[in-house]
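Geometric and topological summary
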Amino acid sequence: MNAWVALWDRRESPISLALVRILVATALLVDLLPLGPLGLVEAVFAPAPLGLGHLDGRPNAHELYGVLEPSSATALWALLCAALAAFGAGLFTRASGLVALFLYAQLALVLPLADRGIDMAFRNALLLLSLAPSGHALGIDARRATGSWIGHASAPAWGRQLMVVQLVVIYFLAGVQKVGLAWWPAGDWSALWLVLQDPAVARFPGGDVPYRITQFTTLSTVVFEWSAGLLPLAFLYRYRQKALGTAFRNVWVAAGVALHLGIAVTMNLGIFPWGMLALYPAFFHPDELRAAASRVRTLCTARST
Amino acid sequence: MPRLRALLITLALVVYGIAAAPIPPSVKKHEVFSESGRDELRRWVEVLHGVGVETSVKELGGQVLAVGQPLTKARQKLLSPFSPLLRLTGTGQRWGLFAYPDTRPQALVVECEVGDRWRTLFRAGDPEHDWASSRLRHRRIRGVWDGVARRKKPGRAYEALVDRIAAWVEAEEPDCGDVRVSFERSHATAPGVAPDPVRTLHERVREAAP
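Residues numbered from 1 in each chain as written. Chains lettered and ligands numbered in written order. Predicted model: local features only at pLDDT ≥ 70, side-chain atom pairs only at ≥ 80, totals over all residues.

Some points on the overall build of chain A
Within chain A, the regular secondary structure consists of 15 helices and 2 strands. Against the globule reference of 19 Å for 305 residues, chain A gives a C-alpha radius of gyration of 21 Å, in line with a compact fold. Along the first, second and third principal axes, the C-alpha set of chain A runs to 60 × 55 × 55 Å. By residue count, 46% of the 305 residues in chain A fall in the buried class. (Helix = DSSP H or I, 4+ residues; strand = E, 2+ residues; numbered from the N terminus. Rg over C-alpha atoms; globule rule 2.2 N^0.38 Å. Buried ≥ 20, exposed ≤ 12 C-beta atoms within 10 Å, placed from the backbone.)

Below, the structure written as structure tokens:
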């Protein structure tokens, strides 16, 4: 019991979590802002007759559109973008994060077909980042409180720890649920070959990617996702200063980056690959990020002299 | 305070842990016995036959429904005290990315009538017909047509999308008359396996304004 309480009572610099906050807000803005110039805001976020979604027939379907007209969609979208910008800048971080979360969730109810897994991952992250001290570093709130953009030296670490749990759950469950035979030897590891034939998602459907390569990447994807289940052990080792844990984590993260870059190149899944990568700084202890930044600075200084 | 925090985190882990149970969000008969679903069941029947278990597509599909539906309902019941919070925050734990690769993928096709023939404006995945592709392939709009294409009845969102596409064509393509929207369903197979012929589904025509 005491160990469990102590686990969630650790403290560390909030820099890793603040970095996730900035990247999540940026990725969401990159996703949402183009809807305006494309003329899709009302199509996606307004109920009928203005938009594609329907709210009738569902009791208590919508808090906001229960009192607002469908024509408010553009104002709600603008408010969501403003809240996200404030959240990313670390301005009234908790309040702006919770406002953004509420609006994002409400707008998602209008047209559930347009709301994908990455949207749920982002909302989970927004909730966590709003409740945890993600605004204690790298933002306006931090600057006002401490006089420095770096912000507080120490804050509770549970937010980052839960973010790692969330990432483990996402990847491990994505692996566990790959029960389609095409992901396994009985299906000749043909899953990614089939996915790359799908004109809805493939960037180059019917392209000339060799079958053997898609088989290898299918196997790699399954191994990568299932091995996410070992990450908690790796973190446990890390806390005990064992190099093996850090090495496993580093290899796993490198594989994750490669997987998402591969998805970005071969598939048209919008912000999914970038959105997932936005959560990756949570894998690193703030001291590791500081050390990496210091190494980069040293390298830059050496090159300029 | 640390104890209260640990308690709240434990509660959150339990609730989201139940939500994360690897059970599909819904198990519906039309999905299990869709063309893609039957392809998958057929492959499982062959695998099970190889290890001495005799079953059929119909029997196995029935078992999937018999096991999956009560599990889905049980999870819904367990989560019901927390569902207002989950709904208000839009949070949850459903992470099945390409769990079953679609062997019957569909491509949205938009055509318009020019004179007495149909001109293809957009076909998903076809770089030569990419009219309005930044809108039609936007992940949120793709979700509308890719999500409904495999249903028996594509639903109101699809009908509204067709209306919207017709309005875009009318505004941007003055030479066009009627607008036709449909899906081309292909058959994805491993190399060397002959695919079924391409079929057209859910065809809708919107007449041009007089």
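Overview of the nonpolar core
By size, the foremost hydrophobic cluster in this structure holds 122 residues, and its most contacted members are Val24 of chain A together with Val144 of chain B. The contacts of Val24 of chain A, once residues within four sequence positions are left out, are Phe122, Ala125, Leu126, Leu129 and Ala278 of chain A. (Core = buried A, V, L, I, M, F, W, Y, C linked by C-beta atoms within 7 Å. Contact = placed C-beta atoms within 7 Å.)

Some words on helix α8 (residues 156–172) of chain B
Helix length check: α8 of chain B (17 residues) gives 24 Å between terminal C-alpha atoms against 24 Å at 1.5 Å per residue, within 8%. Inspection of α8 of chain B places Ala157, Tyr158, Ala160, Leu161, Val162, Arg164, Ile165, Ala166 and Val169 of chain B among the buried residues, and these make up the whole buried set. (Expected span 1.5 Å × (residues − 1).)

Concerning the sheet that holds strand β4 (residues 199–206) of chain B
Residues and elements named next belong to chain B. Reading across the sheet, the 4 strands line up as β2-β1-β3-β4 and stay open at both edges, with antiparallel pairing between neighbours. What marks the edges here is a single partner per strand, and that holds for β2 (117–123) and β4. Here the average twist between neighbouring strands, direction ignored, is 25°. The pairing of strand β3 (residues 179–185) with β4 spans 6 bridges and is classified as antiparallel. Residue pairing for β4: Phe183 is matched across the bridge by Leu201. (Pairing = 2+ DSSP bridges. Axes fitted to C-alpha atoms, helices over the stretch in contact; angles between N-to-C directions.)

Let's talk about helix α7 (residues 139–148) of chain B
Counting buried residues in α7 of chain B gives 8 out of 10 residues, a clear majority hidden from the surface. For α7 of chain B, the full list of buried residues reads Arg140, Ile141, Arg142, Gly143, Val144, Trp145, Asp146 and Val148 of chain B. Where α7 of chain B is buried, its residues meet α4 (41–45) of chain A together with β1 (106–114), α6 (133–136) and α8 of chain B.

Notes on unusual backbone geometry
Residue and element names in this part refer to chain A. A cis amide bond links Ala48 to the next residue, Pro49, at an omega of 10°. Counting through the fold element by element, Pro49 comes out in the loop between α4 and α5 (73–89). Even without being glycine, Trp189 reaches a positive phi, approximately 50°. In this fold, Trp189 is placed in the loop between α9 (158–176) and α10 (191–195).

So, the environment of Pro232 of chain A
With respect to the secondary-structure elements, Pro232 of chain A resides in helix α12 (residues 231–239). As a C-alpha pair, Pro232 of chain A and Gly39 of chain A span 193 residues in sequence and 44 Å in three-dimensional space.

Re the domain arrangement of chain B
What the domain assignment lists for chain B is domain 1 (2–89) and domain 2 (106–206). Summarising the inter-unit geometry, the C-alpha centres of domain 1 of chain B and domain 2 of chain B are found 32 Å apart. (Domains from an automatic or database assignment.)

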